[in-house]
Amino acid sequence: METLRFDSRSVDATEEFLSTAYTPMRIGGPVEDARARISRHAVERLSVDRLSFGYDMAFDAHGLPGVCLISMHSGTLVDRTGGREQVYGPGDTFLLAPPGTPYRGEVRSARYTIAMFDPALLAGLDPSGTGAPVRFTGTRPLTPAAGRALGSAVAHLRDHVLGDASQPPAGLLVSTAAQHLAAMTLAALPHSARTDPVRADRTDATPATLRRALAWIDAHADRDATLADIARAACVTPRALQYAFRRHLGTTPLAHLRHVRLQAAHRDLLAAAPATATDIAMRWGFAHPGHFAAHYRTAFHTAPHTTLRRTDHPAG
């Protein structure tokens, strides 16, 4: 995992660092407390940064290569891209700018988190299956609840997946977290992707399609798998695949994949594998122990550590 840290009281050094770490930019404005702190943890197609500025900083920047989400903790950020003026404060999570789009604005004595991911992850989640780039049509979440959910996804990535630089996360854990963040972004923000099934999708949403998908998921649950991968194996569009799962099982392909991985974690716990419940959870892509325990308890009516303890100390 790549780690990067910056701590300086020089505005020139901060401008140089930001231009190297993100995109070329100019910063300006009167400065009293020039302290800037930035830390980054990055792996594969994901990065999460913590930033803290003790001063007001105007910026004018080139476009970013990834989908850049910001969660505000204190202070404010003013977005002046394209002549608009939108103000974000503590508790807000939003899209800074679509990938490749220049942006400008002002950070006012703020602390915030940046999560950035490869836009290619969105194509794998696009239910239309057209392969066309997903175009965001707004930067604010559709509803306050959607904003809170997106903020939770960013915090999950920061605190539970990329939070410990001394212990790089496993590949399945990273891919699951990346897909989760991309899916939450599509769910929260306005965009161009069509989600309603067309006639061909309804025609393809057959039991045979479902059987092919279920077989592929069972055989590949231990690997990085996207909605597009499952649809390709079932020989249909992602939108048709989602419709098949809703019609015949009342769930989604990725929810079923999570269930299969949960079953695999249950088998590992029953086998008394030489690991903790948390180790087993992470092996199967569950980064947050509390979330894993909640899903496990719903499925098996007991706690993961209870299953492991009973296996270690069988009755009699």
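The shown structure was predicted, so the numbers you read here are calculated from the model rather than taken from an experiment.

The rules behind the values
- Residues numbered from 1 in each chain as written.
- Predicted model: local features only at pLDDT ≥ 70, side-chain atom pairs only at ≥ 80, totals over all residues.
- Heavy atoms only, no water.
- Helix = DSSP H or I, 4+ residues; strand = E, 2+ residues; numbered from the N terminus.
- Rg over C-alpha atoms; globule rule 2.2 N^0.38 Å.
- Buried < 20%, exposed > 50% of the residue type's maximum accessible area, 1.4 Å probe, protein only.
- Contact = heavy atoms within 4.5 Å.
- Areas by Shrake-Rupley, 256 points an atom, 1.4 Å probe, with all protein chains shown as cover.
- Lys, Arg positive; Asp, Glu negative; His and termini not counted.
- Charge placed at Lys NZ, Arg CZ, Asp CG, Glu CD.
- Polar contact = N/O pair within 3.5 Å; in protein donor to acceptor, adjacent residues only side chain to side chain.
- Salt bridge = Lys/Arg side-chain N within 4 Å of Asp/Glu carboxyl O.
- Phe/Tyr/Trp six-rings, centres within 6.5 Å; stacked < 30°, edge-to-face > 60°.
- Lys NZ or Arg CZ within 6 Å of the ring centre and 35° of its normal.
- Core = buried A, V, L, I, M, F, W, Y, C linked by side-chain atoms within 4.5 Å.
- Expected span 1.5 Å × (residues − 1).

**A few points about the overall build of the protein**
Next, step 1: The helix and strand inventory of the protein stands at 12 helices and nine strands.
Next, step 2: Its C-alpha radius of gyration of 22 Å places the protein within 12% of the 20 Å reference for a compact globule of 316 residues.
Next, step 3: By its C-alpha atoms, the protein is 70 × 55 × 30 Å across when sized along the principal axes.
Next, step 4: For the protein, the residues scored as buried account for 48% of the 316 residues in total.
Next, step 5: In the protein, the proportion of contacts linking residues at least 24 apart, taken out of those at least 6 apart, comes to 74%.
Next, step 6: As presented, the protein carries roughly 14,800 Å² of accessible surface, and 52% of it is formed by carbon and sulfur atoms.
Next, step 7: One way to put it: in the protein the 34 positive side-chain charges average out to a point 8 Å from where the 29 negative ones average out.

**A short note on unusual backbone geometry**
Next, step 1: With a phi angle near 65 degrees, C235 is a residue other than glycine that sits in the positive phi range.
Next, step 2: Residue placement: C235 occurs in the loop between helix 7 (227–234) and helix 8 (238–249).
Next, step 3: Although it is not a glycine, H301 sits at a positive phi angle of roughly 60 degrees.
Next, step 4: If you trace the backbone, H301 turns up in the loop between helix 11 (289–300) and helix 12 (304–312).

**Remarks on the environment of S175**
Next, step 1: Positionally, S175 belongs in helix 4 (residues 171–188).
Next, step 2: Residues S175 and R84 lie 91 residues apart in sequence; the distance between their C-alpha atoms is 35 Å.
Next, step 3: From its side chain, S175 meets the backbone oxygen of L172 in a polar contact 3.0 Å long.
Next, step 4: Looking at S175, its side chain comes within polar contact range of the side chain of D224, at 3.4 Å.

**Here we look at the environment of D164**
Next, step 1: Structurally, the position occupied by D164 is in the loop between helix 3 (144–161) and helix 4.
Next, step 2: Its relative accessible area of 36% is what places D164 among the partly exposed residues.
Next, step 3: C-alpha of D164 to C-alpha of M1: the two residues are 163 residues apart in sequence and 9.6 Å apart in space.

**Overview of the pattern of salt bridges**
Next, step 1: The final tally for this structure, using the stated rule, is 12 salt bridges.
Next, step 2: Here R40 and D49 are joined by a salt bridge, their closest N and O atoms 3.1 Å apart. As far as the burial class goes, R40 and D49 line up, both buried.
Next, step 3: Each of R80, E85, E106 and R108 takes part in one network of salt bridges that share partners.

**Examining the packing of aromatic side chains**
Next, step 1: Applying the stated criterion across every chain, the model contains eight aromatic pairs.
Next, step 2: Judged by centre distance (6.0 Å) and plane angle (80 degrees), the ring pair of F53 and Y55 falls under edge-to-face. Of the two residues, F53 and Y55, neither departs from the other in class, the shared state being buried.
Next, step 3: Grouping aromatic residues by their ring pairs yields a cluster made of F286, F292, Y296 and F300.
Next, step 4: The positively charged end of R40 is found above the aromatic ring belonging to Y22, 5.0 Å away from the centroid.
Next, step 5: Between R202 and the ring centre of Y243, over which it is positioned, the NZ or CZ distance is 5.7 Å.

**Observations concerning the nonpolar core**
Next, step 1: Membership of the largest hydrophobic core comes to 31 residues, with the highest contact counts inside it found for L18, F53 and Y112.
Next, step 2: Taken together, the elements giving at least two residues each to this core come down to helix 1 (11–21), strand 2 (25–28), strand 3 (36–43), strand 4 (46–53), strand 5 (56–61), strand 6 (67–79) and strand 9 (103–117).
Next, step 3: In terms of residue count, strand 9 provides more of this core than any other element does, six residues in total.
Next, step 4: Counting residues in each nonpolar core, the second largest holds 30 residues, with V48, L69, L162 and L189 among its members.

**Description of helix 8**
Next, step 1: Compared with an ideal rise of 1.5 Å per residue, which puts 12 residues at 16 Å, helix 8 spans 16 Å between its outermost C-alpha atoms and is within 8% of the ideal.
Next, step 2: For helix 8, the full list of buried residues reads P238, R239, A240, L241, Y243, A244 and F245.
Next, step 3: Buried-residue contacts for helix 8 involve helix 5 (199–204), helix 6 (207–220), helix 7 and helix 9 (253–270).
Next, step 4: Once helix 8 ends, the next one or two residues include G250, with phi positive near 70 degrees.

**Describing helix 3**
Next, step 1: For helix 3, spanning 18 residues, the distance from its first C-alpha to its last is 25 Å, which sits close to the expected 26 Å at 1.5 Å a residue.
Next, step 2: On its buried side, helix 3 packs onto strand 4, strand 6, strand 8 (93–95), strand 9, helix 4 and helix 11.

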